[in-house]
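Coordinate analysis (summary)
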Amino acid sequence: MTSRAHTLPPTIRQGLLNLPGTTFETQRTIERLLEQDREQHHCFWGRVGFHNHLSHHLLAAYDLGAPAALLQKILDAEAREPWDMHIMNRTEDGVVEDVNEENWTSFLGDGKYYPGYLDFFTSQVAAHGTGEVLERYVFSPRANGNGAYMLLRFIGGALHPLIQMGYAVEFGSDAMVAQALAQTAVHDAFRPELFELTGTPLELETLSYASAEPTHRQPSKGHSLLSILSQAYDSEVMKPVMPYDPDALLSARLRAACADGRPEEIRRLSALWQIDTARGQAELDDKTEELFWTTTLLLVGSGRRGRKPRLDFFLMHMLNASLFVPSLLAAIPSAASKATLLRALVPVLLIYLTVRGRPRIDAGLVMSYTDTPRPPNERVPEVDASAIGSPQNAAEFNPWPGIMAAVLYAPDAHTLKAVRTLYYAAQRYGRRPPGSVLGAFDAQGRETHKGIAQVDGSIFVRAAGVVMDTLGWVSHGQKEGSWDRSALGWDGAWKNDD
């Protein structure tokens, strides 16, 4: 199938969830479909350069136990789009120059070189392995100097290169590592003015906290991500650009937001999230946990009371990317590069917050959603008299099996990815009691966000229910819904009826 001088094995391992359902046939099928995608398809499709999500969709479904026939149908459905590896929407001129070690930085950001980059990075992964190529081509000074900005390409494109690499390392696919690096190389560098790339990080700061409550968890050094968000809400500089334009493209919103002192303010706020590498894995675990809480609260808690829930398309990508942080941190060899990746995520979060109109977290709204979500018009049969308890009783009902069975059939890959992320978060943090969210309280013992003292680990199943209700329980007959692209932080985005 391949004509490359170097090849990498198509094999994958099980994912983070590894739900029952995987068989020899499903593994053989997904490895064949992933290889077909790598060999035939560009990382972009369509003339406006949307991202190829096929491998994401396949692997998310595989991790949730999808049968082989369903995996094939996923490929068949998505392969209707124009995304040929070589002629899709690139220039008609042939690419005559190969990508190699001497010239690889010469074609960055140019999509027509994707096949060449795929060949090049395949050879590099084959020769050096995943960890070394990540250090060499994402984090090293050469990879980021003289305008190369590979780290900023890695976190660009609504984090798609990072997500692609996250799947690669989670499922142990060297071939996908090369694919992710090629995708990184043909992305534009994401807003360099938002990042402090040349100076050293601030000296670690130990804050004094007024509260002695053992459940009031705080970062070892610096400010929590939730505290930084609170400061962003209070910042006059971070006010969204006015007036609200419902038709503005993301590129226009980004250009407008990166003015009037906002880049400097984003750099200042981002520097407050400090990585105490001396703590080792415990620090990485805490920072990862902060990302899960914060992105879940932003996605599901940024609606309005009394209105139908809306789930912002770009904030959803921040949540989905969080799932891959543990796998990426495990794959990156050096502690310095692990810290660099974590620090790079904060400016991305803050600028997306800004271009979505600075939507505010309403923790009480999140907790108002049910923690026992069910499909609409679900018919629950009467239990036999011998049964102990009943699924008809909410107090005796576990909603997760039904959610995971239903989301497999969602037509949008993002829906599976979001629910998979929330399931993983529920596994890790579902037992957290109220008031124990890391960063829920500031140095004076006040809530960083109103109502967050009542937030507990149930928010992840509540959030999953909102995702299913909003995007549609399609396997139960509900129509497919959609992600919100209105930039819902602006009041003007809510003027129309639901």
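A short tour of the structure in this document, coming up. (Residues numbered from 1 in each chain as written. Predicted model: local features only at pLDDT ≥ 70, side-chain atom pairs only at ≥ 80, totals over all residues. Heavy atoms only, no water.)

**Details of the overall build of the chain**
- For the chain, the helix and strand inventory stands at 20 helices and two strands.
- Compactness check: the chain gives a C-alpha radius of gyration of 23 Å against a globular reference of 23 Å for 498 residues, within 12% of the reference.
- Along the first, second and third principal axes, the C-alpha set of the chain runs to 65 × 60 × 45 Å.
- Looking at the chain as a whole, 57% of its 498 residues are labelled buried.
- Put simply, of all contacts in the chain between residues at least 6 apart along the chain, 76% involve residues at least 24 apart. (Helix = DSSP H or I, 4+ residues; strand = E, 2+ residues; numbered from the N terminus. Rg over C-alpha atoms; globule rule 2.2 N^0.38 Å. Buried < 20%, exposed > 50% of the residue type's maximum accessible area, 1.4 Å probe, protein only. Contact = heavy atoms within 4.5 Å.)

**A word on the packing of helix α1 (residues 24-40) against helix α2 (residues 54-63)**
- The interhelical angle for the contact between α1 and α2, taken along N-to-C directions, is 170 degrees, at an axis separation of 10 Å. Judged by the angle between their axes, α1 and α2 are roughly antiparallel. Residues Thr26, Gln27, Ile30, Leu33, Leu34 and Asp37 of α1 pack against Leu54, Ser55, Leu58, Leu59 and Tyr62 of α2.
- Residues belonging to the contact of α1 with α2 are distributed by class as follows: seven nonpolar, three polar and one charged. (Axes fitted to C-alpha atoms, helices over the stretch in contact; angles between N-to-C directions. Parallel < 35°, antiparallel > 145°, perpendicular 65-115°, else oblique. Nonpolar A, V, L, I, M, F, W, Y, C, P; charged D, E, K, R; others polar.)

**Quick word on the pattern of salt bridges**
- Summed over the entire model, instances satisfying the criterion amount to 21 salt bridges.
- Here Asp110 makes a salt bridge to Lys112, at a shortest N to O gap of 2.7 Å.
- The partly exposed category is assigned to Asp110, whose relative accessible area is 24%.
- Asp371 is the salt-bridge partner of Arg462, the closest N and O atoms lying 3.8 Å from each other. Taken together, the residues Arg462 in helix α20 (residues 459-471) and Asp371 in the loop between α17 (363-368) and α18 (400-407) connect sequence positions 91 residues apart.
- Residue classification places Asp371 among the partly exposed positions, given a relative accessible area of 35%. (Salt bridge = Lys/Arg side-chain N within 4 Å of Asp/Glu carboxyl O.)

**Digging into the environment of Phe441**
- Mapped onto the elements, Phe441 comes out in the loop between α19 (413-429) and α20.
- Through-space distance from the C-alpha of Phe441 to that of Ile452 is 8.4 Å; in sequence the pair is 11 residues apart.
- Not counting chain neighbours up to four residues away, the residues in contact with Phe441 comprise Tyr209, His216, Gln218, Gly435, Arg446, Glu447, Thr448 and Ala453.

**Thoughts on the packing of helix α13 (residues 281-300) against α19**
- Packing of α13 against α19 brings their axes to within 11 Å, and their N-to-C directions diverge by 125 degrees. In terms of orientation, α13 and α19 fall into the oblique class. In this structure, α13 meets α19 at a crossing whose hand is left-handed. Across the interface between the two elements, Thr288, Glu289, Phe292, Trp293 and Thr296 from α13 touch Thr421, Leu422, Tyr424, Ala425 and Tyr429 from α19.
- A breakdown of the residues in the contact of α13 with α19 according to their chemical character gives six nonpolar, three polar and one charged. (Left-handed = near helix turned anticlockwise from the far one by under 90°.)

**Let's talk about the environment of Ala344**
- Residue placement: Ala344 occurs in helix α16 (residues 335-355).
- According to the relative accessible area criterion, Ala344 is buried, its value standing at 5%.
- C-alpha of Ala344 to C-alpha of Ile155: the two residues are 189 residues apart in sequence and 7.8 Å apart in space.
- If we skip the residues at most four places from it in the chain, Ala344 touches Leu151, Ile155 and Phe195.

**Quick notes on the nonpolar core**
- With 157 residues, the main nonpolar core has Trp104, Tyr117, Phe121, Leu162, Met165 and Trp400 as its most contacted residues.
- Membership of the second largest hydrophobic core comes to six residues, among which are Tyr244, Ala487, Leu488 and Trp490. (Core = buried A, V, L, I, M, F, W, Y, C linked by side-chain atoms within 4.5 Å.)

**Remarks on the side chain of Lys338**
- Structurally, Lys338 can be placed in helix α16.
- Here Lys338 is buried and forms no salt bridge, its nearest opposite-charge partner Glu135 lying at an N-O distance of 7.4 Å.
- Excluding anything up to four places from it in sequence, Lys338 contacts Leu284, Leu329, Ala330, Ile332 and Pro333. (Lys, Arg positive; Asp, Glu negative; His and termini not counted.)

**Quick notes on the packing of aromatic side chains**
- On inspection of all chains with the given rule, the structure shows 19 aromatic pairs.
- Pairing Phe190 with Tyr352 gives two aromatic rings, centres 5.9 Å apart and planes at 25 degrees, and the pair type is stacked. Pair noted here: Phe190 is in the loop between α9 (174-185) and α10 (225-234) and Tyr352 is in helix α16, with a separation of 162 residues, a long-range link. Across the pair, Tyr352 and Phe190 agree in class, each one buried.
- Geometrically, the ring pair formed by Trp293 and Tyr429 is tilted, given 6.4 Å between the ring centres and 35 degrees between the ring planes. Placement of the pair is Trp293 in helix α13 and Tyr429 in helix α19, with a sequence separation of 136 residues. (Phe/Tyr/Trp six-rings, centres within 6.5 Å; stacked < 30°, edge-to-face > 60°.)

**Digging into helix α5 (residues 130-139)**
- Counting buried residues in α5 gives eight out of 10 residues, a clear majority hidden from the surface.
- If you check which residues of α5 are buried, you get Thr130, Gly131, Val133, Leu134, Glu135, Tyr137, Val138 and Phe139.

**Regarding α10**
- Of all 10 residues that make up α10, eight are buried, and the element is covered over most of its length.
- Along α10, the residues that are buried comprise Leu225, Leu226, Ser227, Ile228, Leu229, Ser230, Ala232 and Tyr233.
- At its buried positions, α10 is contacted by α12 (262-270), α13 and α16.

**A few points about the side chain of Thr415**
- Take Thr415: it is sitting in helix α19.
- Beyond its immediate stretch of four places on either side in the chain, Thr415 contacts Val407, Ala410, Val467, Leu471 and Trp483.

**Some thoughts on unusual backbone geometry**
- A cis geometry characterises the amide bond from Met242 onward to Pro243, with omega recorded as 0 degrees.
- You will see that Leu159, though not glycine, has its phi angle at about 70 degrees, which is positive.
- Locating Leu159 in the fold gives a position in the loop between α7 (150-154) and α8 (160-170).
- Of note, Asp260 is a non-glycine position whose phi angle comes to about 60 degrees, a positive value.

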